[in-house]
Amino acid sequence: MKDGFIRCGCAVPDLKVADCEYNAEQIINAVKEAAANDCSLLTLPELCITGYTCGDLFLSKTLTEGAEKALLHILEETKDLEIIFIVGLPLSHSGKLYNCAAVCLKGRVLGFVPKRNIPNYSEFYEARHFTPWDGRDSAAAIRRFNAPMGEMLFGSFDDPDFVFGVEICEDLWVPSSPSEELAVNGALIICNPSASDEVIGKKEYRRKLVEMQSAKLVCGYVYTDCGFGESTQDMIFSGHSLICENGSRLCESKPFTSGIIYGDIDLEKLSGERRRMNTYPQAPENNCLSERIMYFNLNTPDIKLCRKFAPMPFVPADRNDLVARCEEILTMQATGLATRLRHIHGKTAVIGLSGGLDSTLALIVTVHAFDMLSLDRKGIIAVTMPCFGTTKRTKSNALTLAEAYGASIREIDISASVRQHFKDIGQSEDVHDVSYENGQARERTQVIMDIANMTGGIVIGTGDLSELALGWATYNGDHMSMYGVNCSIPKTLVRHLVSYEAERVSGELSAVLKDILDTPVSPELLPPAEDGTISQKTEDIVGPYELHDFFLYYMVRCGFSPKKIFRIAKIAFEGTYPDDVILKWLKIFVRRFFAQQFKRSCLPDGPKVGSVTLSPRGDWRMPSDASAALWQKELEDIKLN
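The notes below deal with the structure included here. (Residues numbered from 1 in each chain as written. Predicted model: local features only at pLDDT ≥ 70, side-chain atom pairs only at ≥ 80, totals over all residues. Heavy atoms only, no water.)

1. Some thoughts on the packing of helix 17 (residues 562-572) against helix 18 (residues 579-595)
Here's step 1: Taken N-terminus to C-terminus, the directions of helix 17 and helix 18 make an angle of 140°; their axes are 10 Å apart at the nearest point. Of the two elements, helix 17 crosses helix 18, and the hand of that crossing is right-handed. Of the residues in helix 18, those touching helix 17 at Pro-562, Ile-565, Phe-566, Ala-569 and Lys-570 are Asp-579, Ile-582, Leu-583 and Leu-586.
Here's step 2: For the contact of helix 17 with helix 18, the per-class residue count stands at 7 nonpolar, no polar and 2 charged. (Axes fitted to C-alpha atoms, helices over the stretch in contact; angles between N-to-C directions. Helix = DSSP H or I, 4+ residues; strand = E, 2+ residues; numbered from the N terminus. Left-handed = near helix turned anticlockwise from the far one by under 90°. Contact = heavy atoms within 4.5 Å. Nonpolar A, V, L, I, M, F, W, Y, C, P; charged D, E, K, R; others polar.)

Here it is as structure tokens:
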């Protein structure tokens, strides 16, 4: 198992009711197919050896013995395969009949898990045939298979995160599911062989139920429904199967189809998420389920991942979801600022408006906050401060934008002030080094800070999350403010928020917002090109923000190693960036992320709006002198094909 990924599958074979021999052959074919596709854990439907809809035939010894013979045949035919699979069958024990899931590997049954909750309402009448498992006979053994029966966990000797449990159909639909106990005792995957019939609206409910259970338990959930071949005398089964991971749907079968679906569950991610959540419960001391672990040896293959990774993890792929997300984020940002202004009885807000994306978003948020508080927008003081690198395009856009929003405008050319500063410290204007650039940034910050003092207002920070991660800010320059509204907004999302605002408004305001979106990202601290265009383009220096935001999400939010981030980035950006380019910028990201922590250790206040933030008072605590050696060594060891 490489990087924590384990391939799971849901197989829905074509069945014949009560024809155990035929069903066994279909199951064997499915197991072989799954093994050939590097699947390590395959779940088949409830009672699939007999069929779920056998009715009173379940009371026939002929059927139950036929099911056991079929299971023995399945075990014999799959004994050389490196795959765990789960099949359902009726199993008699101590004069009772149980609806069981047999967990099988290499020719033997690791354990039989009986169904705890037996439905006996509406179209279901399982209690007519099956006894619910009450756990009292917890050490039951099925001698004819040399296997235990009861509630138990299944764990790998070699991979400590590869632990799974089984519950059956109705067990999921009750208020207190067995999967809850399984999860708190260590199961990272829950397998559910099911027979859930199809009625109008049930598919959507089932989907939400599986997604939510995987989120609630922070687990992978493999749900396999029975389908074609079951009796349609009174019910219809669609084979609707799902594989979910911590609330996200990895894959889903098309209803009324047979076959196998696969999902690559990230056990490393799930395990890390549980460690991060200190509220994730521990099993009670008197609970001995964690001691009932059936261990196994399985050679899990190094799979070529079939799951997809969104290149922009901060940005919803669905257009409607994106619109709703943008509205929500702008409201959260504006509410944070409005609350702060109301608390300090502030009537003015000062923004250094450059004509770039970040300061534009800060202005948009401030406008919304002022509107929330019914404050005059003239209290928003937009200050444009042209200097050596300012272009006509950005200056014009800044002025047009402020005017269109009805803000107060102040244009202060800082060139003379910066030249005086250079003279004072002995900095040559012809030397375009870091002092040349930072001198301008700090002068701008001083100007707007003093204006805020003069007007009894606060300075609104414009820097975004991506810049904080890379340290792409002048310490005590644009790095500092009195309230940073963009502090948890990554650059890829900043663009969509501004675009959303551009679609909401009209006329000159919409036009200038769209032109700002088309302007290259730049701090404009170096002189323009000969044709007057921007010469200093941020992404040419630090790399594409879409890559850095991807690295940021998986390093900070998920805690992934550089090697794993590189692996999934190759999938996410296939056809966009070659492998060597991804690796180059990942190395730069890691180096800068560690080296620039000192800037993040003293950030101004600002609202958390997403799952990733670098505030030292919030989610991220890191020493400024932490070594990046381990991360860099791992990157250096990566060999490009």
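2. Some points on the pattern of salt bridges
Here's step 1: With the rule as written, the count across this model stands at 39 salt bridges.
Here's step 2: A salt bridge links Arg-557 to Glu-273; the shortest N-O distance between them is 2.8 Å. Note that Arg-557 is positioned in helix 16 (residues 545-557) and Glu-273 in helix 6 (residues 267-276), a separation of 284 residues in sequence.
Here's step 3: A salt bridge links Lys-608 to Asp-619, with the shortest nitrogen-to-oxygen separation between them at 2.7 Å. Pair noted here: Lys-608 is in the loop between helix 19 (597-600) and helix 20 (629-636) and Asp-619 is in the loop between helix 19 and helix 20, with a separation of 11 residues, a long-range link.
Here's step 4: According to the relative accessible area criterion, Asp-619 is partly exposed, its value standing at 37%. (Salt bridge = Lys/Arg side-chain N within 4 Å of Asp/Glu carboxyl O. Buried < 20%, exposed > 50% of the residue type's maximum accessible area, 1.4 Å probe, protein only.)

3. Re the pairing of strand 9 (residues 163-166)
Here's step 1: Of the two faces of strand 9, the one carrying Val-163 and Gly-165 and the one carrying Phe-164 and Val-166 are both buried.
Here's step 2: As paired elements, strand 8 (residues 153-156) and strand 9 share 2 bridges and run antiparallel to each other. The residue of strand 9 that forms the bridge with Phe-154 is Phe-164.
Here's step 3: The loop that links strand 8 with its antiparallel partner strand 9 comprises 6 residues.
Here's step 4: Across 3 bridges, the pairing between strand 9 and strand 10 (residues 189-194) is parallel. Bridging across to strand 10, Phe-164 finds its partner in Ile-189. (Pairing = 2+ DSSP bridges.)

4. As for unusual backbone geometry
Here's step 1: Non-glycine residue Lys-106 carries a positive phi angle of around 50°.
Here's step 2: With respect to the secondary-structure elements, Lys-106 resides in the loop between strand 4 (96-105) and strand 5 (108-114).
Here's step 3: On the basis of relative accessible area, Lys-106 is assigned to the partly exposed category, the value being 33%.
Here's step 4: A positive phi angle is found at Phe-256, which is not glycine, with a value near 65°.
Here's step 5: With respect to the secondary-structure elements, Phe-256 resides in the loop between strand 13 (248-252) and strand 14 (259-266).

5. Notes on the sheet that holds strand 11 (residues 220-225)
Here's step 1: Spatial ordering of the open sheet is given by 13-12-11-10-9-8-15, a layout of 7 strands whose pairing is mixed. Each of the sheet's edge strands pairs with one partner strand only, and the pair in question is strand 13 and strand 15 (293-296). With direction set aside, neighbouring strand axes in the sheet form an average angle of 20°.
Here's step 2: Taken strand by strand, helix 5 (residues 202-217) contacts strand 11, strand 12 (242-245) and strand 13, and its axis lies near 35° from that of strand 12.

6. Overview of the sheet that holds strand 17 (residues 380-384)
Sheet strands line up and pair through hydrogen bonds in the backbone, either parallel or antiparallel.
Here's step 1: Across the sheet, 5 strands lie side by side as 18-17-16-19-20; this open sheet has parallel pairing. Two strands bound the open sheet, and with one partner strand each, they are strand 18 (408-411) and strand 20 (483-484).
Here's step 2: Strand direction decides the pairing type here: strand 19 (residues 458-461) and strand 20, joined by 2 bridges, are parallel. Looking at the pairing, Gly-461 lines up with Gly-484 of strand 20.
Here's step 3: Contacts from helix 9 (residues 392-405) reach strand 17 and strand 18, with the element oriented near 155° to strand 18.
Here's step 4: The sheet strands contacting helix 11 (residues 434-455) are strand 16 (349-352), strand 17, strand 18 and strand 19, and the helix crosses strand 16 at an angle near 165°.

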